[in-house]
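Report on the structure
Next come the chains, spelled out residue by residue.
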Amino acid sequence: LALSIALGAAVTTAGGVGVAVANQSGSHDRTRDVARAVQGAKGKAKYVIFLLGDGMGQSEITIARNYQYGAGGRLPGIDTPPLTGDITTYALQEADPSKPEYVTDSAASGTGWATGHKTSNGRISTTAGTDLILPTVFEQAAKKGWATGNVSTAEITDATPAVLASHVNARGCQGPTDMTACPKYKKSAGGPGSIAEQEVDHLSDVILGGGKGRFDQVIDGGPYAGKTVVDQAEALGYSVVTDAAGLDAVKKGPVLGLFNKGNMSLEWKGLPADKPVTGPQVCQENQRPANEPSLAAMTQKAIDLLLAKNAKHFYLQVEGASIDKQDHAAAPCEQIGETIAFDNAIQVALAFAKTHPGTLIIVTADHSHSSQIVEPGSDIQGLGSILTTKEGAPMEVSYGTAPKGGSQSHTGAQLRVAAQGPQAANVVGLNDQTELYHTLARAIGVE
Ligand code: MG
Ligand code: ZN
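Residues numbered from 1 in each chain as written. Chains lettered and ligands numbered in written order. Predicted model: local features only at pLDDT ≥ 70, side-chain atom pairs only at ≥ 80, totals over all residues. Heavy atoms only, no water.

Before going further, it helps to examine the packing of aromatic side chains. A complete count under the given rule lists six aromatic pairs for this structure. Seen in terms of ring centroids, Tyr-47 and Phe-352 are 5.2 Å apart; in terms of plane orientation they differ by 80 degrees. Their pairing is edge-to-face. Highlighted residues: Tyr-47 in strand β3 (residues 47–53) and Phe-352 in helix α13 (residues 332–355), separated in sequence by 305 residues. Considered together, Tyr-47 and Phe-352 belong to a single accessibility category, that of buried residues. Pairing Phe-138 with Tyr-315 gives two aromatic rings, centres 5.9 Å apart and planes at 90 degrees, and the pair type is edge-to-face. Note that Phe-138 is positioned in helix α5 (residues 137–143) and Tyr-315 in strand β12 (residues 314–320), a separation of 177 residues in sequence. The residues Phe-138 and Tyr-315 share a single accessibility class, namely buried. (Phe/Tyr/Trp six-rings, centres within 6.5 Å; stacked < 30°, edge-to-face > 60°. Helix = DSSP H or I, 4+ residues; strand = E, 2+ residues; numbered from the N terminus. Buried < 20%, exposed > 50% of the residue type's maximum accessible area, 1.4 Å probe, protein only.)

Here's what the structure looks like:
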């Protein structure tokens, strides 16, 4: 059987969904011209688009690829940038920063690429143990006059977007009434305030995501005492929009788009993993309510608004946040749907780069996660679900780091990074994630 498959070169469609299954002798992608990409990977960038799949380890990438495009297929976003490497992501111990924490969270990991410095889990662009402020490449770009944008499907005050333009010792300090773990940062104590307050104080040109609940909280000190963070944003000149139609209507920044009270709604749904395993199942797509924009739509709008602010230079971060959150929940369909939505956003960035030479695109992740592809029928001890992929084969996904109802754990394996454009060749090989900061800093011309 293996021999006849290897010799066959048939391209088939499966399941009536029109997905082309790649040549079964393996995929040969002629668009990935690495030599040409290396030639183009010199000098400074005009535009930087940094795309981050939260919790998107190699396993999560492979699960989404298998399901949607087939084992021999390719994700049109993630798999396209030709220069790829790996990054290590470990954090530091808060009590003894000379020792590693082998499994990072999104806060410490984000601090790594945003500032070039490792820190302890839970910290937002501050140092482990000593609580000093670490300047970020995003702030350095803004200081040089670049337009800046921050887009996520999570609350925009969640750790990954927070690391760009706020500094605090505890990631939970997202709104003015969430400050128990960081009293000295409170406005009423003379501090810079919560992550939400700092994000709008920093005057990013485009801020799009969830987390309206944080911005509706009342500020406890300083010039906006007694007002909400939304009031503060409006006083600083932001247009505040809360749905897709409102975002469409915005013609120029600064804009604060808050499309959900909490994290943004999910794209797909299905049966959660369980013991005994659930399925075989086919995921239900198109679940996101129409009043919330897709990550791809937010990415396109952010690019348009940033160009309107500064046609020469912008720095944009885009996060697919709920890959991680649905991996924690052992929900394979939701996890895959968020990975595909992130891939769609990457395609928006790649289309921009095609018409705008000098665009550095980096696609990476912040930590690995629990989901694994296992042999169907494995006697798995954790939770599992069997998915029928679009090429018509069973794929069993297991989650083995927490019991049913618990939160599956981050894991510590190194991650993929893929890039194209100025400075992109620096990602080739094995680097630590803090090296991404230096690649970004060189691209924007501050190193
Ligand atoms: Mg995140
Ligand atoms: Zn997580």
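A few words on the coordination of the zinc ion (ligand 2). Note on metal sites: the ideal angle is 109.5 degrees for four tetrahedral donors, and 90 or 180 degrees for six octahedral donors. With distances of 2.0 to 2.4 Å, the protein atoms coordinating the zinc ion (ligand 2) are Asp-324 (OD), Asp-324 (OD), His-328 (NE2) and His-410 (NE2). Around the zinc ion (ligand 2) sit four donor atoms; with metal-centred angles ranging over 57 to 150 degrees, the donor geometry is irregular. Between consecutive donor residues of the zinc ion (ligand 2), the sequence gaps follow D-x3-H-x81-H. Remark: His-410 occurs in the loop between β16 (394–399) and β17 (415–420) and His-328 occurs in helix α12 (residues 322–328); sequence separation between them is 82 residues. Judged on exposure class, the residue His-328 and its partner His-410 are both buried. (Donors = N, O, S within 2.8 Å, 3.2 Å for Na, K, Ca; no water. Tetrahedral: all angles 85-135°; square planar, octahedral: opposite > 155°, others 65-115°.)

On to the environment of Lys-309, then. Mapped onto the elements, Lys-309 comes out in helix α11 (residues 295–309). Residue classification places Lys-309 among the exposed residues on the basis of a relative accessible area of 53%. With 164 residues separating them in the primary sequence, Lys-309 and Gly-145 have C-alpha atoms 10.0 Å apart. In contact with Lys-309, not counting residues within four places along its chain, are Ala-147 and Asp-205. (Contact = heavy atoms within 4.5 Å.)

With that settled, consider the packing of helix α4 (residues 106–115) against helix α14 (residues 434–444). Geometrically, a packed helix pair is captured by the angle between its two axes and the distance between the axes. It is at 5 Å that the axes of α4 and α14 come closest, and there the two elements cross at 30 degrees. α14 is crossed by α4, and the crossing has right-handed handedness. Residues Gly-112, Trp-113, Ala-114 and Thr-115 of α4 form the contact with α14, whose own contacting residues are Thr-434, Leu-436, Tyr-437 and Leu-440. Here the contact of α4 with α14 is built from residues that sort into five nonpolar, three polar and no charged. (Axes fitted to C-alpha atoms, helices over the stretch in contact; angles between N-to-C directions. Left-handed = near helix turned anticlockwise from the far one by under 90°. Nonpolar A, V, L, I, M, F, W, Y, C, P; charged D, E, K, R; others polar.)

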